Amino acid sequence: ALRRRHARRAGHRLQPERGVELHGSDYRLVSDKGSRLARYEMILPVRGSYPQIRAFIADMLVTIPAVALVDMIIKREDIKSGRLEVRLSLNLYLNQ
């Protein structure tokens, strides 16, 4: 429970530092029978420029070593827009 709270707080704390906007979040705990690890799946929709989002991801991976980037979907309004809408899928691995 402590690591999950830490991961959530770190993500929310890093967001304004890097200038990205976090628009909601979704969390789900997955436990596989026979495994010593539980997986906390996180979906974070964020907005910002490419360098801001890249720095946000890098900071999160350094700050929380048990986090893994699983998937990233990038959208942008048009070719001229420097603003991206990104859906980050992350996993936080926890001991059971």
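Residues numbered from 1 in each chain as written. Predicted model: local features only at pLDDT ≥ 70, side-chain atom pairs only at ≥ 80, totals over all residues. Heavy atoms only, no water.

Draft legend 1. Region of the structure containing the pairing of strand β5 (residues 84–95). Across twelve bridges, strand β3 (residues 37–48) lies against β5 in antiparallel orientation. Pairing of Met 42 across the sheet is with Leu 90, part of β5. In this sheet, β5 lies alongside strand β4 (residues 67–76) in antiparallel orientation, the contact comprising nine bridges. Within the sheet, the bridge partner assigned to Lys 75 lies in β5 and is Glu 85. (Pairing = 2+ DSSP bridges. Helix = DSSP H or I, 4+ residues; strand = E, 2+ residues; numbered from the N terminus.)

Draft legend 2. Fine view of the pattern of salt bridges. Within this structure, the stated rule accounts for five salt bridges. Asp 32 is the salt-bridge partner of Arg 39, the closest N and O atoms lying 3.6 Å from each other. Residue classification places Arg 39 among the partly exposed positions, given a relative accessible area of 22%. One connected set of salt bridges, linked through shared partners, spans Arg 28, Asp 32, Arg 39 and Glu 41. (Salt bridge = Lys/Arg side-chain N within 4 Å of Asp/Glu carboxyl O. Buried < 20%, exposed > 50% of the residue type's maximum accessible area, 1.4 Å probe, protein only.)

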